[in-house]
Amino acid sequence: MPRARRRALGAPTLSSGVALGYLSVVVLIPLAALVAKGTQGGWHHFWQVAWNPEAQAALKLTLGLALAVVGINAVTGTALAWTLVRDNFVGKRFVNALIDLPFALPTIVAGLTLLALYGPKSAVHVYAAYTRWGVLMALLFVTLPFVVRTVQPVLIELDREMEEAAASLGANRFTIFRRIVFPHLLPALLSGLALAFARAIGEFGAVILIAGNLPFKTEVAPLYVFQRLESGDTEGAAGLAVLLLVISLAVLLGIGGLRRYATRHDR
Amino acid sequence: MRRSVSVLLALAALAAATTAGAAKKDTNLALAAYSIPTAVFPKLEAAYSATPAGNGVKFSNSFAASEVQSKAVAAGLPADVVNFSISTDVDRLVGAKLVDKNWTKNKYSGFVSKSVVVFVLRNGNPKHIKTWDDLVKPGVDVVFPNPFSSGGARWDVMAAYGAMLREGKTHKQAIAYLTQLFKHNVSQDTSGRNALNTFLAGRGDVLLTYESDAKSAQAQGKPVFYAIPKATLQIETPLAAVNTGNKAEATKFVNWLYTPVAQTIWADNGFRPVDLNVLRTYKKQFPPRPQLFRIGYVGGWTKVNTQFFDPTSGIIAKIEQSLGVSTGG
Amino acid sequence: MTARRLVRYGSLGYLALILIAPVGLIFWRAFEHGFGTFWTAISNPDAMHALKLTLEVAVVAVPLNSIFGVLCGLAIVRHRIPGMGIVNAVVDLPMALSPVVVGLALYLLYANNGWFGTWLNEHGVRVLFAYPGILLATIFVSLPFVVREVVPVLREIGTEQEDAAATLGANAFTIFRRITLPAIQWAVVYGVVLTMARALGEFGAVAIVSGGLAGRTQTMTQYVQAAYENGANETGAYAASVVLAAIAILTLALMTVFGQREDSLGHRGA
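Just so it is clear, the structure is predicted and the values come from calculations on it, not from any experiment. Per chain, the residues get numbers from 1 upward, laid out in the order the sequence is written. Ligands are numbered from 1 and chains lettered from A, in the order in which they are written. The model is predicted, so local features are restricted to residues of pLDDT at least 70 and side-chain atom pairs to those at 80 or more, both for listing and for counting; the totals for chains, interfaces and linings are taken over all residues. In computing side-chain values, all of the structure's heavy atoms are included and hydrogens and water are not.

Enquirer: Before we go on, may I ask you to explain the side chain of Arg272(B) in this structure?
Expert: All names here are of chain B. For Arg272, the location among the structural elements is in strand 9 (residues 272–273). Polar contacts here mean pairs of N or O atoms no more than 3.5 Å apart (in protein, one a potential hydrogen donor and the other a potential acceptor; neighbouring residues in sequence count only if both atoms are side-chain atoms). Reaching out from Arg272, the side chain makes a polar contact with the backbone oxygen of Pro287 at a distance of 3.1 Å. With near-sequence residues (within four places) excluded, Arg272 lies in contact with Ser113, Lys114, Ser115, Val116, Glu211, Ile228, Phe286 and Pro287. Where helices and strands are cited, they refer to DSSP runs of H or I of at least four residues and of E of at least two residues respectively, numbered from the N terminus. Only heavy atoms enter the contact rule, under which two residues are in contact if any of them lie within 4.5 Å.

Enquirer: When you look at helix 11 (residues 221–230) of chain A in this model, what are you seeing that I'm missing?
Expert: Because an α-helix packs 3.6 residues into every turn, residues spaced three or four apart end up facing the same way. Residues and elements named next belong to chain A. Counting buried positions along helix 11 gives 9 out of 10 residues, so the element sits mostly inside the fold. Each residue gets one of three labels from its accessible area relative to the maximum for its type: buried under 20%, exposed over 50%, partly exposed in between, using a 1.4 Å probe on protein chains only. Ala221, Pro222, Leu223, Tyr224, Val225, Phe226, Gln227, Arg228 and Leu229 are the residues of helix 11 that are buried. At the exit of helix 11 stands Gly232, carrying a positive phi of roughly 90°.

Enquirer: Even after reading the chapter, I still don't get the interface of chain B and chain C, so can you show me in this structure?
Expert: Interface size is often expressed as the accessible area that is lost when the parts come together. Counting residues at the interface gives 20 residues for chain B, matched by 14 residues for chain C. Between chain B and chain C the total buried area reaches about 1,300 Å² when both faces are included, carbon and sulfur atoms providing 47% of it. Accessible area that two parts lose when put together, with a 1.4 Å probe and added across both, is what the buried area reports. Area buried by chain B at its contact with chain C is led by Ala75(B), Leu77(B) and Pro78(B), which between them contribute 28% of it. We define a salt bridge as a side-chain nitrogen of Lys or Arg found within 4 Å of a carboxyl oxygen belonging to Asp or Glu. The tally of links from chain B across to chain C stands at 1 salt bridge. Between Arg216(C) and Asp80(B) there is a salt bridge, with its nearest N and O atoms 3.9 Å apart. The interface formed by chain B and chain C contains 3 residue pairs in polar contact (both at pLDDT 80 or more).

Enquirer: Looking at this model, I keep getting lost on the nonpolar core. Mind explaining?
Expert: Buried together is how nonpolar side chains tend to be arranged in soluble globular proteins. Here, nonpolar core refers to any group of buried Ala, Val, Leu, Ile, Met, Phe, Trp, Tyr and Cys residues whose side-chain atoms link them within 4.5 Å. Among the nonpolar cores identified, the biggest contains 196 residues, and Leu31(A), Leu34(A), Phe141(A), Val82(B), Phe68(C) and Leu104(C) are the most heavily contacted of them. Beyond its immediate chain neighbours, meaning those up to four positions away, Leu34(A) contacts Ala238(A), Ala241(A), Val242(A), Leu245(A), Val101(C), Leu104(C), Ala105(C) and Leu108(C). If you look at the next biggest cluster of nonpolar residues, it comprises 69 residues, including Phe144(B), Val157(B), Phe182(B) and Ala250(B).

Enquirer: Looking at this model, I keep getting lost on the pairing of strand 1 (residues 28–33) of chain B. Mind explaining?
Expert: The side chains of a regular strand alternate, first on one face of the sheet and then on the other. All names here are of chain B. Most of strand 1 sits out of view: 5 of its 6 residues are buried. Pairing of strand 1 with strand 2 (residues 58–63) involves 6 bridges; the strand directions are parallel. From the neighbouring strand, Leu29 faces strand 2, where its bridge partner is Phe59. Every crossover in which the path from the first strand over the helix to the second runs clockwise, viewed with the strands pointing away from the viewer, is termed right-handed. Regarding topology, helix 2 (residues 40–49) serves as the crossover connection from strand 1 to the parallel strand 2, and that connection is right-handed. Bridging between strand 1 and strand 3 (residues 81–83) involves 3 bridges; their strand directions are parallel. Across the sheet, residue Leu31 finds its bridge partner in strand 3, namely Val81. We treat two strands as partners when DSSP finds at least two bridges between them.

Enquirer: Hey, could you run me through the interface of chain A and chain C in this one?
Expert: Taken residue by residue, the interface counts 85 residues in chain A and 82 residues in chain C. Both sides together, the interface formed by chain A and chain C hides about 7,400 Å², and carbon and sulfur atoms give 79% of it. At the junction of chain A with chain C, the criterion picks out 1 salt bridge. Between Asp87(A) and Arg8(C) there is a salt bridge; the shortest N-O distance is 2.8 Å. Summed over the shared surface of chain A and chain C, the result is 5 residue pairs in polar contact (both at pLDDT 80 or more). It is helix 1 (residues 2–39) of chain A that contributes the most residues to the side of chain A that touches chain C, 25 residues altogether. Looking at the side of chain A that touches chain C residue by residue, the class counts come to 63 nonpolar, 12 polar and 10 charged. In this classification, the charged set is Asp, Glu, Lys and Arg, the nonpolar set is Ala, Val, Leu, Ile, Met, Phe, Trp, Tyr, Cys and Pro, and all remaining amino acids, among them Gly, are polar.

Enquirer: Would you mind going over a nonpolar patch on the surface with me for this structure?
Expert: Residues form patches when they are more than 30% accessible in relative terms and have no salt bridge. Like charges link within 9 Å. Nonpolar side chains (Val, Leu, Ile, Met, Phe, Trp, Tyr) link within 5 Å. Accessibility throughout is a Shrake-Rupley quantity obtained with a 1.4 Å probe, and a residue counts as covered only by protein chains that appear here. Where nonpolar side chains cluster on the molecular surface, the patch consists of Phe182(A), Leu186(A) and Leu190(A) and spans about 210 Å² of accessible area. Residue Leu190(A) is classed as partly exposed on the basis of its relative accessible area, which comes to 36%.

Enquirer: What is the right way to look at the pairing of strand 7 (residues 224–227) of chain B in this model?
Expert: Residue and element names in this part refer to chain B. Residues Val224 and Tyr226 point to one face of strand 7 and are all buried, whereas Phe225 and Ala227, pointing to the other face, are not buried. As defined by bridge partners, strand 4 (residues 111–122) adjoins strand 7 across 4 bridges and the pair is classed as antiparallel. Directly across from Leu121, in strand 7, lies its bridge partner Phe225.

Enquirer: Just to check I follow, could you spell out the environment of Val246(A) for this structure?
Expert: Looking at the secondary structure, you find Val246(A) in helix 12 (residues 234–266). For the pair Val246(A) and Val35(A), spaced 211 residues apart in the sequence, the C-alpha separation amounts to 9.9 Å.

Enquirer: Help me out: how do you make sense of helix 2 of chain B in this one?
Expert: All names here are of chain B. Turning to helix 2, its buried residues number three or more, namely Val40, Phe41, Leu44, Glu45 and Tyr48. Looking down the long axis of helix 2, one finds its buried residues gathered within 130° of arc, a one-sided arrangement. Looking at the buried residues of helix 2, the elements they touch are strand 1, strand 2, strand 3, helix 9 (247–256) and helix 10 (260–268). Throughout, the arc means the angular range of directions from the helix axis out to the C-beta atoms.

Enquirer: Help me out: how do you make sense of the packing of aromatic side chains in this one?
Expert: Both the distance between ring centres and the angle between the ring planes are used here to describe each pair of aromatic rings. Two rings belonging to Phe, Tyr or Trp (six-membered ring only in the last case) form a pair when the distance between their centres is within 6.5 Å. Interplanar angles under 30 degrees mark stacking, angles over 60 mark edge-to-face geometry, and anything in between is tilted. Under the definition given, this model contains 30 aromatic pairs over all chains. The interplanar angle of 20° and the centroid separation of 5.8 Å between the aromatic rings of Phe204(A) and Phe203(C) together place this pair among those described as stacked. Placement of the pair is Phe204(A) in the loop between helix 9 (173–202) and helix 10 (205–211) and Phe203(C) in the loop between helix 10 (172–201) and helix 11 (204–210), with the two residues belonging to separate chains. Seen in terms of ring centroids, Phe35(C) and Phe38(C) are 5.6 Å apart; in terms of plane orientation they differ by 40°. Their pairing is tilted. Taken together, the residues Phe35(C) and Phe38(C), both in helix 2 (residues 35–42) and 3 residues apart, mark about one turn of the helix. Of the residues examined, Phe35(C) reaches a relative accessible area of 53% and is grouped as exposed. Through a chain of ring-to-ring contacts, three or more aromatic side chains come together here, namely Phe41(B), Phe63(B), Trp266(B) and Phe271(B). Across the ring face of Tyr297(B), the terminal group of Arg166(B) is positioned such that the distance to the ring centre comes to 5.1 Å. Comment: the charge-over-ring label is applied if NZ (Lys) or CZ (Arg) is within 6 Å of the ring centre and within 35 degrees of the ring normal. Against the face of Tyr9(C) rests Arg8(C), its NZ or CZ located 5.6 Å from the ring centre.

Enquirer: What is the right way to read the environment of Lys283(B) from this model?
Expert: Residues and elements named next belong to chain B. As for its placement among the helices and strands, Lys283 is situated in the loop between helix 11 (276–281) and strand 10 (291–293). You can call Lys283 exposed: its relative accessible area is 53%. Residues Lys283 and Arg272, 11 residues apart in the sequence, show an inter-C-alpha distance of 9.7 Å.

Enquirer: Sorry, what's going on with unusual backbone geometry here?
Expert: A negative phi angle characterises most non-glycine residues, just as the trans form characterises most peptide bonds. Residue and element names in this part refer to chain B. Although it is not a glycine, Ser109 sits at a positive phi angle of roughly 55°. Position of Ser109 among the secondary structure elements: in the loop between helix 4 (87–95) and strand 4. Of note, Asn125 is a non-glycine position whose phi angle comes to about 40°, a positive value. Classification of Asn125 by relative accessible area gives buried; the value is 12%.

Remember that the coordinates give geometry; whether it matters functionally is a separate question.
Put into structure tokens, the structure is as follows:
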């Protein structure tokens, strides 16, 4: 066995090396260049150059909208997952497949269609372009699948026995959901919400058309970074971009932690 | 053996000559222009391709805010021909050794088309905007792009400034007016074209832009009209060939854009031709203005760019900072 | 029963509002002037070139990311080399990063004064505003999918069969080819579909590094934006969107089919 194992390990160092090298060139080194540029000059420089009122407003707006998105998705995502797992209706499989559309559709196309729907030539006479509502709609579109897809597997695997037992003891549906089902869903829900949050703070393509260009009003952080870069202010762009990078990392760590908590809890 | 080798070599040489000849015919010129002439260049290029000099020449176009484009070309964006909004955007490329210093040495000083700064207004003009002073009346929302990315915005700002001087105001009073104007600005789009789209989408009561873009919007049937204020600035857009492998072909195209045929196409699409003969036939479309002035009146672009638009110490930068908007740099 | 109805119609209504209405509108707008107008809009040279470029990028990015995905999955799960935890985290980064951050990072690295850019420019290698830049951006954003699908499967199937094969004398490549690969094939296929969708639809990162030169460095998604912003060509924007949406719908269909294959083997679910 040891000799075969060693033989099996011979190729792996090569494959690990290749994987690591690929990852470095594609991901790590560019991000390192970004961090270098964004933090050059140290804290003092950062506060002076990158952290100006417009940047602050952009970040505040971004975080605010992302939290709103999280709140809404917590309810609607769970509701959709519930409907798809527990309910039965004509076309359910079609709807289930449709959930993944925001993953598959290019963001700029999503943005264009939202503009068509809520812009100045709105087909439904709802005029939300160039407002925060418009940006919110765009973010809700792109984050739709996350909670649904993390909660669905848990709902599918959920053992109905406890729910049935509680029902036979007289608990109403809401209590059953709140005290039996929901705690099981919580880690998956939080995972999905974290992913939705990360997506919402970084969304660009879906937002760029419908947000217009209104600093302090609809300019979210990614639009600000893009606009700074276009104006030649790479330092200002890199400064806020590094902040976004840090937030994304924090979210990933959070999700990782949640996953470990969930698997530990399952035992 | 030796004969087959020489036959092969001959065939190879023939193939090389043919492909070289074919390649020579099929030049692909890259044009980097400011955001406004999106509709006119395809027409100009089609007309040029119909001429013997232009036979077989293909084009790739890129349109974006003038300063953005200029910096991109300096950073490596492939371009054989550039048509920007202000001459300093071409000077940047001279500094980067991409354009020859003598790009201004032709009959028209390197400017291929002209325009003027106009007010674009909604049909009916509900807020009765007519003069520069009307722009800073309470409740009036003005749209013009970001002066640190858009050349058009700089023309707009200097038109406002110069108009104030024309009215007899002092430099200080004119600056005070500009501060007011920026307070009334409701959008900071990157380019002139984006500002037009924002205005067409319902933002603002008045848009400051090129007459050529206003005409283009009208031609597309948008519900707007434009008014040329009495005192306004003449916009002159520079054109140059870039020092690339295609320079010879690019120069031919550049020269052609000044010919009467080309100038007529410019005029048909809303741009004031620099060829005075052509301009004469289009007098109705391009009325002269009583208090028209050129950039020289307010100091010329080199001086103005430093004095007004330096990203940290310029007058406009200071105005924007006082309003909390970030500037370039 | 009313609670059930409420949840059902509420959530489906939400879906219709947020998702179905907008997407239905693209098709409407693209074809509202007839198929002829649509065809003219989509067959112009710039649009065709944009489609070609997008496909040319995807055709390289997807296989590269797939091979990497399998190798990386194996490295993470099978080979207990220190640092693999970090690798796992880094691989997930592109999922959580804004495409603008990605584009900016690449821009800074390959700009004329960037760490790599300085050397590359001296040797005449153009990364930004050219195909290599677009390819790198696309690879970055579509990196994680195959890995993330393969890793849970590898974890679940365990090493028993592979160890058994090893004791019988099979070498590493045979083990991989005849045991590991068949076990993960549907995960790989599903991951490839996701990677392809992401590669074809990328916008933000590419917008920063490509320069958007119509007919040269403009991808399909950039074409949509440029066509829309050039007020006279809205139909072109919708037409190109329809093409991309059709590809997206095809992707969905493939995801459903292959997802079911994966599910039936009991392997999906991270």
